[in-house]
Structure formats: structure tokens, C-alpha cells
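Structure at a glance
The primary structure of each chain is shown beneath.
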Amino acid sequence: SRFVQADASNQLFPDNSFDLVVTHGLLMHIPSAKINQAFSEIIRISKKYILIYEQVGFTNQYTFDYDYVKLAKDYNLKVKFKFIDKRDLIWLHLEK
């Protein structure tokens, strides 16, 4: 294995590179102008599954609040599991 650092909105990996792509506190830090591009890249490099674990309902100068379910549906992804815990963290299991 190797560590790769890349821009979330411009991944270096070929299409369908990973069985599962996971975000954990990543998307909430991407500015509104780049969120669609970053989400498209996540979908592009995923073969089938995407797991999103992000904070919701909170913003400041470093974080942005997105409707991840709407974003997933806008890209025709199936929401297989959704849970928001008591810390306002959303867990989404998506399928292409």
C-alpha cells in the first residue's frame, strides 16, 4: 500500500478504482463552489459503495453544512442506510 495526497475535486485514480470510498469529516470542509465536483469524483472512483460520515447542522469559517441525502439523490445514488447520531454526525451508506 501507499499514501496518496490529492485534491478531493480532482482525484488521480482511474474510474471504478475502489470497491468502497469513505469520507470522514472531509466533505464538510469543501467550499460550496467545489462540493459537486468533489462528490462527482468520489462517485467516479467508487465501483459500487460510498460511506459518508460527516457532521451536519453546524457551520463556521472552516465548515459547510450540506444535505448529503439530497446530494446523493441528485447523483442517482441509492441510500441504503441513513443515521444521524446524537452528536449530529450523519452516517450514509450509498450504492451506485
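One structure accompanies this document, and this report is about it. (Residues numbered from 1 in each chain as written. Predicted model: local features only at pLDDT ≥ 70, side-chain atom pairs only at ≥ 80, totals over all residues. Heavy atoms only, no water.)

Details of the pattern of salt bridges
Taken as a whole and assessed by the stated rule, the structure comprises eight salt bridges. Between K48 and E95 there is a salt bridge; the shortest N-O distance is 3.9 Å. Taken together, the residues span a long stretch of sequence, with K48 in strand β2 (residues 46-55) and E95 in strand β4 (residues 89-95) at a distance of 47 residues. A salt bridge links D85 to R87, with the nearest nitrogen and oxygen atoms 2.8 Å apart. For D85, a relative accessible area of 11% corresponds to the buried category. Here R87 falls in the exposed class, since its relative accessible area comes to 51%. What emerges from the salt-bridge pattern is a single network uniting D15, E41 and R44. (Salt bridge = Lys/Arg side-chain N within 4 Å of Asp/Glu carboxyl O. Helix = DSSP H or I, 4+ residues; strand = E, 2+ residues; numbered from the N terminus. Buried < 20%, exposed > 50% of the residue type's maximum accessible area, 1.4 Å probe, protein only.)

Remarks on the nonpolar core
One finds L27, F39, I52, Y68 and L94 to be the most contacted residues of the largest nonpolar core, which totals 23 residues. Elements that contribute at least two residues to this core include exactly α1 (32-45), β2, α2 (68-74) and β4. By residue number, the principal contributor to this core is α1, which donates six residues. Setting aside chain neighbours within four positions, we find Y68 in contact with L27, M28, I52, E54, Q55, V56, I90 and L92. (Core = buried A, V, L, I, M, F, W, Y, C linked by side-chain atoms within 4.5 Å. Contact = heavy atoms within 4.5 Å.)

Section: the layout of surface pockets
In this model, the largest pocket occupies a volume close to 320 Å³. Lining the largest pocket are 16 residues, with Q11, F13, V21, V22 and I45 positioned closest to its centre. If you list the elements that add at least two residues to the lining of the largest pocket, you get β1 (18-24) and α1. Of the residues forming the lining of the largest pocket, the biggest block, six residues, is contributed by β1. (1 Å grid on protein atoms, 1.4 Å probe; cavity = no way out; pocket = protein on both sides within 12 Å on 5 of 7 lines; lining within 4 Å. Points joined across faces, edges and corners; volume = space filled by probe spheres on them.)

Quick look at a nonpolar patch on the surface
A cluster of nonpolar side chains, L20, V22 and Y49, forms an exposed patch at the surface whose accessible area comes to about 250 Å². Note that L20 resides in strand β1. On the basis of relative accessibility, which here comes to 44%, the residue L20 falls in the partly exposed class. (Patch = residues over 30% accessible without salt bridge, like charges linked within 9 Å, V, L, I, M, F, W, Y side chains within 5 Å. Areas by Shrake-Rupley, 256 points an atom, 1.4 Å probe, with all protein chains shown as cover.)

So, the environment of I84
By the secondary structure assignment, I84 is in strand β3 (residues 78-84). The spatial distance from the C-alpha of I84 to the C-alpha of Q55 is 9.0 Å, given a sequence separation of 29 residues. Leave out the neighbours within four places in its chain, and I84 touches V56, L89 and I90.

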